[in-house]
Structures are given as structure tokens and as C-alpha cells.
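Here's the letter readout for the chains.
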Amino acid sequence: MEDDQIERITEWPVTVNLSNIGENNSELQYEDQSSNLACSPLRKKKKIENSQPTFPRTTTHGIPNCPEALASVRVARWWRKQNLCMDPTAATSPNTKLYKVLRTTECIDFLVGERTKLLRQKEKLSSHERGDIHAALASIEDWLENYPTALLHIEHAVSINPNNSEYMWLKEKLKRQCDILKIQMEILNTGECIPKEFPAFFEVERISSADLSVEEIVNNFIMRKKPVIITGLEMTKSSWNLDFVKSVAGTHKVKVKCAVSDSVEWARLEESSLTTVGEFISKVEKNETNEYLFDWSLPLHCPELAQDLVIPKYFADNFLHVTAPGTLYHDSWPSLFISPKGALSNLHVDAFASNFWMVLFQGQKRWTFFDSEDLPLLYPHYFHSMDPVFKVNLAHPDLASFPLLGLTKPRQCVLQPGELLFVPGGSPHYVENLSATLAVSSNHVDHSNFKEVCEELRINGLIDPRAADLLNQLQNLIKDSD
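Bear in mind that the values here come from a model prediction, so they are computed numbers and not experimental data. Numbers given for residues are sequential positions, taken from 1 along each chain in its written order. Local features in this predicted model are restricted to residues of pLDDT 70 or higher, and side-chain atom pairs are both shown and tallied only at a pLDDT of 80 or more, whereas totals for entire chains, interfaces and linings draw on every residue. Heavy atoms from the whole structure form the basis of all side-chain values; hydrogens and water molecules are not counted.

Colleague: Could you give an account of the overall build of the chain, naming the residues involved and the relevant values?
Modeller: A count of helical and extended segments in the chain gives 13 helices and 19 strands. For the exposure calls, accessible area comes from a 1.4 Å probe over protein chains only, and a residue counts as buried if that area is under 20% of its type's maximum, exposed if over 50%, partly exposed in between. Within the span of the chain, comprising 482 residues, buried residues form 51% of the whole. Partitioning the intrachain contacts of the chain with sequence separation of at least 6 by distance along the chain shows that 78% fall at a separation of at least 24. We get accessible surface area from the Shrake-Rupley algorithm with a probe of 1.4 Å; when it comes to residues, only the shown protein chains can shield them. Looking at the chain as shown, the accessible area adds up to about 23100 Å², and 49% of this sits on carbon and sulfur atoms. The helix and strand labels rest on DSSP assignments: H or I over at least four residues marks a helix, E over at least two residues marks a strand, and numbering proceeds from the N terminus. Residue contacts follow a heavy-atom distance rule, with two residues in contact if any of their heavy atoms lie within 4.5 Å.

Colleague: Go over helix α12 (residues 450-460), please, and point to the residues and values.
Modeller: Of all the positions in α12, only F450, V453, C454, E456, L457 and I459 are classed as buried. Structurally, α12 contributes buried residues whose contacts are with α6 (165-189) and α13 (465-481).

Colleague: Go over the packing of α12 against α13, please, and point to the residues and values.
Modeller: Note on method: axes are straight lines fitted to C-alpha atoms, helices fitted across the in-contact stretch only, with angles between N-to-C directions ranging 0 to 180 degrees. α13 packs onto α12 with a crossing angle of 150° between their chain directions and a minimal axis gap of 8 Å. By the angle between their axes, α12 is roughly antiparallel relative to α13. For the pair α12 and α13, the crossing hand works out as left-handed. Judged by residue contacts, F450, V453, C454, L457, R458 and N460 of α12 engage A467, L470, L471, L474, Q475 and I478 from α13. Residues were grouped as follows: Ala, Val, Leu, Ile, Met, Phe, Trp, Tyr, Cys and Pro as nonpolar; Asp, Glu, Lys and Arg as charged; and all remaining residues, including Gly, as polar. Tallied by class, the residues present in the contact of α12 with α13 amount to nine nonpolar, two polar and one charged. Angular relationships are summarised with four words: roughly parallel below 35 degrees, roughly antiparallel beyond 145, roughly perpendicular across 65 to 115, and oblique for the angles in between. Handedness of a crossing follows from how the near helix is turned relative to the far one, being left-handed for an anticlockwise turn of less than a right angle and right-handed for a clockwise one.

Colleague: Outline the sheet that holds strand β13 (residues 365-369), supporting the account with residue identities and numerical values.
Modeller: In short, DSSP must find at least two bridges between two strands for them to pair. Spatial strand order, β11-β18-β13-β16: four strands in an open sheet with antiparallel pairing. Of all strands in the sheet, those with a lone pairing partner are β11 (344-348) and β16 (411-415), marking the two edges. On average, each strand axis in the sheet is inclined to that of its neighbour by 15°, with strand direction left out of account. Where β13 lies against strand β18 (residues 429-433), five bridges are found, and the strand directions are antiparallel. Residue pairing in the sheet places W367 in a bridge with V431 of β18.

Colleague: Before we move on, can you summarise the packing of aromatic side chains with the specific residues and values?
Modeller: Between the rings of Phe, Tyr and Trp (Trp by its six-membered ring), a pair exists once the centres lie within 6.5 Å; its type follows the angle of the planes, with under 30 degrees stacked, over 60 edge-to-face, and the other angles tilted. Taken as a whole and assessed by the stated rule, the structure comprises 19 aromatic pairs. Plain terms: the ring middles of W78 and F110 are 5.0 Å apart, the flat faces sit at 15° to each other, and that makes the pair stacked. Pair noted here: W78 is in helix α1 (residues 71-80) and F110 is in helix α3 (residues 105-123), with a separation of 32 residues, a long-range link. No difference in accessibility class separates W78 from F110, as the two residues are buried.

Colleague: Can you break down the side chain of S354 residue by residue, with the values?
Modeller: Along the polypeptide, S354 turns up in the loop between β11 and β12 (355-362). Looking at S354, its side chain comes within polar contact range of the side chain of N443, at 2.6 Å. Residues contacting S354, with those up to four places away along its chain left out, are G425, N443, H444, N449 and V453. Identification of polar contacts relies on pairs of N or O atoms within 3.5 Å, with a donor-acceptor requirement for protein atoms, meaning one able to donate a hydrogen and the other able to accept it, and with residues adjacent in sequence counted only if both atoms are side-chain atoms.

Colleague: Break down the environment of K286 for me, with residues and values.
Modeller: In this fold, K286 is placed in the loop between α9 (277-285) and β9 (293-297). Taking C-alpha positions, K286 is 9.6 Å from A436, a pair spaced 150 residues apart along the chain.

Colleague: Provide a residue-level description of the nonpolar core, including the pertinent values.
Modeller: We define the nonpolar core as a collection of buried residues of types Ala, Val, Leu, Ile, Met, Phe, Trp, Tyr and Cys that are connected through side-chain atoms lying within 4.5 Å of one another. In terms of nonpolar packing, the biggest core is built from 36 residues, with I217, W240, V245, L298, L336, I338 and V440 touching the most fellow members. Those residues within four positions of L298 in sequence are excluded, and the remaining contacts are W240, P303, L305, A306, L309, P334, S335, L336 and V440.

Colleague: Requested: an account of α3, with residues and values cited.
Modeller: An α-helical segment advances 3.6 residues per turn. Residues three or four places apart therefore align on the same side. With 19 residues, α3 should cover 27 Å at 1.5 Å per step; its first-to-last C-alpha distance of 27 Å lies within 8% of that length. Every buried residue of α3 is listed here: C107, F110, L111, E114, R115, L118 and Q121. Projection of α3 onto a plane perpendicular to its axis shows the buried side chains occupying an angular sector of 140°, all on one side. Along α3, the residues that are exposed and aim more than 90 degrees away from the buried face are T105, R120 and E123. Under the convention used throughout, the expected extent of a helix is 1.5 Å for every residue step, that is, one less than its residue count. Note that the arc is computed from the directions linking the helix axis to the C-beta atoms.

Colleague: Kindly report on the pairing of β9, identifying the contributing residues and their values.
Modeller: Taking burial as the measure, the five residues of β9 include four buried ones, the bulk of the element. The pairing of β9 with strand β10 (residues 335-339) spans three bridges and is classified as antiparallel. In the strand pairing of β10, S297 is matched with S335.

Shown next, in the form of C-alpha cells:
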């Protein structure tokens, strides 16, 4: 096959009218779409007859030796051939679109059938052959939410192919989901009396910066993984409000996000539209949008705003800022948040176990958050990454469906202009904008969360070389300081 006859595509998302796809249609063309499903097979541009394979296939015990695809690829290929109609959705994420397909009865039936085929193949092989079949079975059982069975399959796959980093990553994800289920079942089986109402909120301590030394916040809050609100900080050289940001960054282009109720992306937020900072602020001020400028890196996109900020002395010891230029997260923060009244970020945990702080310049934000130990009680689901989405809806807590919510220890506060909130790594949180808001935030790695950060980077590094590089730099940093 000549190079000019080949195009690299992903299996998802589908970029043609699904209703026009039939079983034998082999002439359809698809765009090259970026996706994190790690699948980019080669396809001929010209017509390929279904009866003519595009590559030679050898067999073992009558089973083709070409690698078995994981569930994401199988479902994407299958969906292309269906005359089924997916419910309209505001989702832009390929992962969310795929998840919506997964929830259909037809897709579940398809995966059950694929599982049966693979099990028949496995029976013909010895225990040390074809780790890819076990990995494919693991991914299918994962999608069918049979997590213990999925974990057994992926452990077998890793034992056969111990150097396959994709298999090792899937094993880590499934182990984490199974650990959550184990904790949940142990609590439910103890017979402990679980409250049937959502618990009362604990308050968050407020302390004036005038009365707070670096040693005090490190020892009493950061190292103890305890949240705190600090008041009276001077963090900018200029007076920040929406008009000021518009005057400095108004012409910069930004991708804004919106909340998608059934999204599988972090905080259930997905990219919505491309605009400028000035146009977006005008809509926010007129309450004409429900979109959210979320976590927009100032060092990368608007250094003139970044240079106007003064990082609080309490968080100056950030290991992320002493890595080599260009390293993952080296220039990601501080980042900008602009939101209209009513926008929210659903329950989420900040990535790679990082601590973070947020300072509010305008408006009011209501924060609801939990200790990291409460995470299993919030019913996390790990779909396509190590960043969970949560099945619970904190706007309308349903303790009949999610009884372990009654055992959580929620904290809540309303952050006011001029206040800084510190939230320790691993804390699930849910944020509501009670009015139009302007804030700046930064993630933070120090001695208090170094061990947890390294573990998250180790897992992510199995499939992300930049995470592996950051882990190596952080570990060397600590060695050099010892």
C-alpha cells in the first residue's frame, strides 16, 4: 500500500451522519479528529472490499494474530455501522459522546456479544498466550461496570505483557475503582447506622494575614491538610476587576467552557466556544451567557496580567516552578477564572493530588468541599482517566440512591472579594458562582503532598511521557536537597 493511499484517523468521534451508515458501506470518509482514546489505525482512502483484508493475517489455533481492540475502539467501529439515533447533547467531548453510546441498550448487548466471542477465543489458548485478549476483555468488563472481573483480566494481560504501559495504566485505574468499591461495601456491611439526611456543613476558619506567619500556615494548615481562608492579602500591583482585565487582555482569544450534566470530563465542564476575553466579559456583565472562562493560564496566554500578580509568601515554595522551562505544569499557573452568575463546576478533585489556592477579586463563590478521606463516600467513577467524575449531585443530594453521602463531613464557605482560600490536595469540591466573579488560582506542590503527587505522576506517566519527565525532575529535586 503506497503512502499516498493511507490516511491516519481515529475511531472516534464519528464525523458523518450516523443514520446513513450501513453494514456494507466501505466508501465513507472520516475527518482526522484528535482524541485521547489512543487509537489511530490506518485506512485506505480508496474503496476497500470487505472480503479483501488489507494486511496478511496469521493464526494461532485458528485465531487471527492481529491484536484485539479495546472496548473504546470496538464501540466506535460498531456505532458507525448502526442506524441508531443518539439523544441530542451539549457534549463536545469525544469521551462523553462515547459514554452516551455506551449507555444505550443496543451497545450493552453488543459488548456482551463481544465478550462472549473473546471468551471463546481465550478457551482455545494456553494461559500464557495473547495478553491482548485479556486486555480487551478487561476493557469490556470495565465498561459493563464488572470491575473485579475486569481487574482479573488486566492483571493476567500484564503478567503476559509486563512491558505494555497501556495495560499497566488500565490495571491502575481498575485497581483504584475496585478499592473504592471495597471500601463502600465494607462500610455498608458493618451494619453501621447511616444518617438519612445530608450532614450539616462545617465552617472554614478565616485568619487575617496580619496574624499569620509562613510557619503557622505550613504547620497548622498545609501539613495538616486543613483548608483555611486568608484575608487582607495584597496580591496585585493594580486594582483588579473585570474592567481592568478587559483593558489588559480584552483582545486575547480564549476557549470558554460550559457545564454538561452527564459529561465524563473533569468537573463535568467541556469546551463550548471560541471568543475573546473582552467579548466574554461583556456577556458576563450583561448576564447573557452560562459559559465559564476556566483555568486560563496567565503565564502562557497573558504574561502582562501574570506580572501584575504577587504570589503570597505562604505558597512561594512551589516545586512546580523550579522544574526546567517547558516541563509539564511549569507555566500553567496562576490561571484566570471568569464566570457569570449561576455557572458552576461540578464535584471534582484537582489533578495529580496538587494543593491549590484561589483568590477572589470580584463577586461571590460558594465552595462545598470534603476531606480526601470522604472520596469513596461520594461515589467516584473512573471512566477514561485517573480524574474521577462523581455520580452524586450535590445540588440535590439523593441519599436513597447514594446512602454513604450521610457519612461525609462537608465544609462550606462563601468566598468574598479580597479573600484567599487554600484547599489541600485530594479534596473533592463543588463551586457555585453566586454572582459574576473574577478569580485567580494556582496549583501547588510542596513537602505536604509530595508523596501523593509522585504516585499520581507515576500512574499518568505510564501513558504520558511529560508526566513521567515531571516525576523524574521532582524526585531528583528532593534528592538534591537532602
